[in-house]
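# Architecture and fold: a report
Okay, here's what each chain looks like letter by letter:
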Amino acid sequence: MARSLKKGPFIDGHLSKKVDTAVSTDDRKIIKTWSRRSTVMPKMIGLTFAVHNGNKFIPVYVTDNMVGHKLGEFAPTRTFRGHAGKSDAKAKGK
C-alpha cells in the first residue's frame, strides 16, 4: 500500500540533515546509513549512500531514475545462489 499524498514522502531526520550538509558544502563523501525506509528525494541526486543490507554496507549512487523509490530497494538483503542443479536431481532419483 502506498503512502498517503497528504503525508508526503518519508525521509529520516538524521539522514535529511546529512544530505543538506553534503549539498550545501558540495561534499561528495559517502553517506553511511541504516535507513532503508527513506525515500530518495531530488536533492539526493549525485550523492553516494552506503546502505546497510543487514550484513554490510552497499554503495548506492543516486541517479534521477531513483527518485521516489526507497533506499533499501537498491541494496538487496538476500543472495540468490541459483536453483538446484542436476546433481541434486540425480541424487533424489536413486
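All residue numbers refer to positions counted from 1 along the written sequence of the respective chain. It should be noted that, the model being predicted, local features are given only for residues of pLDDT at least 70 and side-chain atom pairs only at 80 or more, the latter also being counted only at that level, while totals for whole chains, interfaces and linings use all residues. The side-chain numbers reported here are obtained from all heavy atoms of the structure, hydrogens and water having been left aside.

## Notes on the sheet that holds strand 1 (residues 31-33)
One key point about sheets: their strands pair by backbone hydrogen bonds, in either a parallel or an antiparallel sense. Cut-off, in case you're wondering: Two strands form a pair only when DSSP identifies at least two bridges running between them. Secondary structure elements are defined from DSSP: runs of H or I of at least 4 residues count as helices, runs of E of at least 2 residues count as strands, and each element is numbered from the N terminus. Here the axes come from fitting lines to C-alpha atoms, over the contacting stretch only for helices, and the angles between their N-to-C directions go from 0 to 180 degrees. The contact rule is simple, with two residues in contact once any of their heavy atoms fall within 4.5 Å.
Spatially, 1-2-3 is the arrangement adopted by the three strands of the open sheet, whose pairing is mixed. This sheet does not close on itself; its edge strands, each paired only once, are strand 1 and strand 3 (57-61). Strand-to-strand twist across the sheet, computed as the mean angle between neighbouring axes with direction ignored, equals 25 degrees. Sheet topology note: the strand 2 (residues 48-52)/strand 3 ladder contains five bridges and is antiparallel. The partner of V51 across the bridge, within strand 3, is I58. Across the face of the sheet, helix 1 (residues 13-24) comes into contact with strand 1 and strand 2 while running at roughly 175 degrees to strand 1.

## Notes on the pattern of salt bridges
Pairing of side chains with opposite charge becomes possible as their charged atoms draw close. Just so we agree on the cut-off: One speaks of a salt bridge when a side-chain nitrogen belonging to Lys or Arg is within 4 Å of a carboxyl oxygen belonging to Asp or Glu. Accessible area is worked out with a 1.4 Å probe on protein chains only. A residue is then buried under 20% of its type maximum, exposed over 50%, and partly exposed in between.
This structure, assessed with the given rule, holds three salt bridges. The closest approach of N and O atoms between K43 and D20, which form a salt bridge, is 3.2 Å. Placement of K43 in the loop between strand 1 and strand 2 and of D20 in helix 1 is noted, with a sequence separation of 23 residues between them. A relative accessible area of 36% means that K43 is categorised as partly exposed. When the shortest N-O distance is used, the salt bridge between D26 and R28 registers 3.3 Å.

## Some words on the nonpolar core
Applicable threshold: To form a nonpolar core, buried Ala, Val, Leu, Ile, Met, Phe, Trp, Tyr and Cys residues must be joined to one another through side-chain atoms within 4.5 Å.
Of all hydrophobic cores here, the largest spans 14 residues; its most connected members are I31, M44 and F49. Those elements giving two or more residues to this core turn out to be helix 1 and strand 2. Examining the composition of this core, we find that three residues originate from one element, helix 1, more than from any other. Non-local contacts of I31, meaning those with residues more than four positions away in its chain, are made with L15, K18, V19, A22, L47, T48, F49 and A50.

## Quick look at the pairing of strand 2
Counting buried positions along strand 2 gives five out of five residues, so the element sits mostly inside the fold. Relative to strand 2, strand 1 runs parallel, the two being bridged by three bridges. Bridge pairing links K32 to A50 in strand 2. Between the antiparallel neighbours strand 2 and strand 3 lie four residues, among them G54 with a positive phi of about 100 degrees.

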